[in-house]
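One-letter residues, chain by chain:
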Amino acid sequence: MTDECREVRGRADAFLSEQLLVETMQDVLRHLDGCQACRAEFDARQRLRGALRSAFEGSRELEP
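Report on the accompanying structure. These numbers were taken from a predicted model, which means no experiment stands behind them.

## Remarks on the pattern of salt bridges
Now for step 1: In the structure shown here, the tally under the stated rule is six salt bridges.
Now for step 2: Taking the shortest distance from any N to any O, the salt bridge between Asp3 and Arg6 comes out at 3.1 Å. Pair noted here: Asp3 and Arg6 are both in helix H1 (residues 3-10), with a separation of three residues, about one helical turn.
Now for step 3: Arg30 is the salt-bridge partner of Asp27, the closest N and O atoms lying 2.6 Å from each other. Here Arg30 and Asp27 lie together in helix H3 (residues 22-34), a separation of three residues that amounts to about one turn.
Now for step 4: When its relative accessible area of 39% is taken as the criterion, Asp27 is described as partly exposed.
Now for step 5: Here Arg30 falls in the exposed class, since its relative accessible area comes to 53%.
Now for step 6: Here the salt bridges share partners, and the residues they tie into one network are Asp13, Glu41, Arg45 and Arg49.

Set out below in structure tokens:
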């Protein structure tokens with residue numbers, strides 16, 4: 001893993017939550033276009049976030 005990979009992966013949650021500046025988002029996207037390992041990491045995080053969201057939305061114990 002390169003230093004750039006570490007930097008990009010450190011921004012994964014902010015990226016997936018769309019909390020980065022446009023320029024930073026573009027930098028991350030450019031890196032993901034060329035780095036299969038980071039793209040796989042981001043895809044896995046996105047799937048996990050979706051699964052967690054679904055679990056919480058479907059939980060009867062968490063209903064108001």
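## As for the side chain of Arg9
Now for step 1: Structurally, Arg9 can be placed in helix H1.
Now for step 2: For the buried Arg9, no salt bridge is present, and the opposite-charge side chain at shortest range is Glu41, 4.2 Å distant.
Now for step 3: A distance of 3.3 Å separates the side chain of Arg9 from the backbone oxygen of Ala37, its partner in a polar contact.
Now for step 4: Leave out the neighbours within four places in its chain, and Arg9 touches Met1, Ala37, Cys38, Glu41, Phe42 and Arg45.

Definitions and cut-offs
Residues numbered from 1 in each chain as written. Predicted model: local features only at pLDDT ≥ 70, side-chain atom pairs only at ≥ 80, totals over all residues. Heavy atoms only, no water. Salt bridge = Lys/Arg side-chain N within 4 Å of Asp/Glu carboxyl O. Helix = DSSP H or I, 4+ residues; strand = E, 2+ residues; numbered from the N terminus. Buried < 20%, exposed > 50% of the residue type's maximum accessible area, 1.4 Å probe, protein only. Lys, Arg positive; Asp, Glu negative; His and termini not counted. Polar contact = N/O pair within 3.5 Å; in protein donor to acceptor, adjacent residues only side chain to side chain. Contact = heavy atoms within 4.5 Å.

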